[in-house]
Amino acid sequence: MSEPASPKVSRRLTVPLVWIVPLIALGVGGWMLFHEYRERGPEITIDFAEGNGIEPRKTSLEYLGVSVGTVTAVKFAETMDRVRVTLRLERDAAPLARQGTLFWVVRPEIGLSGVRGLDTLFSGARIVASPGKGEPATAFQGLEKAPPLENREEGRAFTLQADRLGSMLPGAPVFFREMKVGVVETSRLSNDSASVMIRVRIKTPYVDLVRKNTRFWNAGGVSFKVSLLGAQVKSTSLESLFSGGISFATPDGERGLAPVADDGDIFTLHPEMDKEWLKWRPLIPIQPPNESPDIAEPRGPLAPLVK
């Protein structure tokens, strides 16, 4: 009678089928954690006057319209008079963690002066950054409102003196012949508090339109004119209707054009225009950006629109 064959013992490690799915999930989770850690930038704190609308893991930080960070925590500062927001930057946004960087919250604002941040009604408040150039930093003081629009590397700035500010807001348009050629940057009271100083910036292609004898006037809001023939309503643009606006005109005297205005020159902002100013037609060469090549330039006097 033959003896039964001895069993073969395998030393090869086997994994039960039931463990395969959990191991794969563990590997994927580990890779995601590693990827997230590798993409993480520095953590910063920003103190705001209030935290209305700011929510952890929902409110984002934006720069140039791109999300570059997320709020991770919101709590009171030690003095209990401000709200401290902890925010994690993405790795590519690490240069924002420098002294001089400005942070402010964009919320929906609806009022007589206009409508702002309307998109935040659906997405919630967001924090916006403007980069600084100082040393690396992790603690910042947030602004109560957006800073004035400034770009000192472009165009030329002028100061307008007015009796009152009215509805003029930073970002309000500046027009020449009802074409937008600049913006209002900021405003303040004069040193003697007798008037308001408004700084405007004219874009580079249009700076030569402003001469030493240029006239500026308030073109914001709506003007009503009632006569026997009826009522006439006029506004320069929908933008100026809400945020205010400024127009200007340059005379073309018999002795030629006045010298070009220098950066920082001060002009009077008239409350309304003079009809004679609209008749001025100075010939001032400009270089308008994105000029359409299929629009022919007129030669000599303007041709009539209807033959």
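Bear in mind the structure is a predicted one, so any value in this text is a computation, not a measurement.

**Q** Just checking my understanding: could you explain the overall build of the chain for this structure?
**A** Across its full length, the chain holds three helices and 18 strands. Residues counted as buried form 31% of the 307 residues belonging to the chain. When contacts within the chain are restricted to residue pairs at least 6 apart in sequence, those whose partners lie at least 24 apart make up 71%. Counting only carbon and sulfur atoms, one obtains 57% of the accessible surface of the chain, whose full area is about 21600 Å².

**Q** Would you take a moment to explain the side chain of Arg201 for this structure?
**A** Within the element layout of this structure, Arg201 appears in strand β13 (residues 196-202). At a separation of 2.5 Å, a polar atom in the side chain of Arg201 contacts the side chain of Glu185.

**Q** How should a nonpolar patch on the surface be read in this particular structure?
**A** Where nonpolar side chains cluster on the molecular surface, the patch consists of Ile20, Ile24 and Val28 and spans about 250 Å² of accessible area. Take Ile24: it is sitting in helix α1 (residues 20-39). According to the relative accessible area criterion, Ile24 is exposed, its value standing at 52%.

**Q** Honestly, the packing of aromatic side chains in this entry has me stumped. Any pointers?
**A** Two descriptors summarise a pair of aromatic rings, namely the distance from one centre to the other and the angle between the planes of the rings. Considering all chains together, one arrives at seven aromatic pairs under this definition. Centre to centre, the rings of Phe103 and Phe140 are 5.1 Å apart; their planes meet at 65°, and the pair counts as edge-to-face. Taken as a pair, Phe103 in strand β5 (residues 102-106) and Phe140 in strand β9 (residues 139-141) lie far apart in primary sequence, 37 residues in all. Judged on exposure class, the residue Phe103 and its partner Phe140 are both buried.

**Q** Please explain the sheet that holds strand β11 (residues 173-176) as it appears in this structure.
**A** The strands that make up a sheet pair up through hydrogen bonds in the backbone, lying either parallel or antiparallel. Strand order in this closed barrel of seven strands is β10-β13-β12-β11-β17-β14-β18, and the pairing throughout is mixed. For this sheet the average axis-to-axis angle between neighbouring strands, irrespective of direction, equals 35°. For β11 and strand β12 (residues 179-189), the ladder comprises four bridges, and the chain directions are antiparallel. Counterpart to Phe176 in the pairing with β12 is Met179.

**Q** Any chance you could explain the pattern of salt bridges here in plain terms?
**A** Think of it this way: side chains of opposite charge can pair up when their charged atoms draw near. For the structure on display, the rule yields nine salt bridges. One salt bridge connects Asp47 with Arg84, and the closest N-O pair in it is separated by 2.8 Å. Here Arg84 lies in strand β4 (residues 83-90) and Asp47 lies in strand β1 (residues 40-48), a separation of 37 residues in the sequence. A relative accessible area of 6% means that Asp47 is categorised as buried. The residue Arg199 makes a salt bridge to Glu185 at a minimum N-O spacing of 2.6 Å.

**Q** Explain the environment of Leu278 to me, please; I cannot follow it from the model alone.
**A** Topologically, Leu278 is positioned in the segment after β18 (266-270). The exposure class of Leu278 is partly exposed, given its relative accessible area of 45%.

**Q** Sorry if this is basic, but what is going on with the side chain of Thr59 here?
**A** Looking at where Thr59 falls in the secondary structure, it is placed in the loop between β1 and β2 (60-63). For Thr59, a relative accessible area of 2% gives the class buried. Separated by 2.7 Å, the side chain of Thr59 and the backbone nitrogen of Glu55 make a polar contact. Residues within four places of Thr59 in sequence aside, it is in contact with Gly53, Ile54, Thr70, Val71, Ala125, Arg126 and Ile127.

**Q** Explain the environment of Thr72 here, please?
**A** Its location among the elements puts Thr72 in strand β3 (residues 66-76). The partly exposed category is assigned to Thr72, whose relative accessible area is 34%. For the pair formed by Thr72 and Glu43, sequence separation is 29 residues and the distance between their alpha carbons is 9.2 Å.

**Q** Before we go on, may I ask you to explain the pairing of β2 in this structure?
**A** Each regular strand shows side chains that alternate between the opposite faces of the sheet. With four bridges connecting them, β2 and β3 associate as antiparallel partners. Considered in β3, the bridge of Tyr63 is made with Val66. Adjacent in sequence and paired antiparallel, β2 and β3 are bridged by two residues, among which Leu64 carries a positive phi angle near 55°. Inspection of the sheet shows β2 paired to strand β8 (residues 126-130) by two bridges, in the parallel sense. When the bridges of β8 are listed, Glu62 appears paired with Val128.

Conventions used here
- Residues numbered from 1 in each chain as written.
- Predicted model: local features only at pLDDT ≥ 70, side-chain atom pairs only at ≥ 80, totals over all residues.
- Heavy atoms only, no water.
- Helix = DSSP H or I, 4+ residues; strand = E, 2+ residues; numbered from the N terminus.
- Buried < 20%, exposed > 50% of the residue type's maximum accessible area, 1.4 Å probe, protein only.
- Contact = heavy atoms within 4.5 Å.
- Areas by Shrake-Rupley, 256 points an atom, 1.4 Å probe, with all protein chains shown as cover.
- Polar contact = N/O pair within 3.5 Å; in protein donor to acceptor, adjacent residues only side chain to side chain.
- Patch = residues over 30% accessible without salt bridge, like charges linked within 9 Å, V, L, I, M, F, W, Y side chains within 5 Å.
- Salt bridge = Lys/Arg side-chain N within 4 Å of Asp/Glu carboxyl O.
- Phe/Tyr/Trp six-rings, centres within 6.5 Å; stacked < 30°, edge-to-face > 60°.
- Pairing = 2+ DSSP bridges.
- Axes fitted to C-alpha atoms, helices over the stretch in contact; angles between N-to-C directions.

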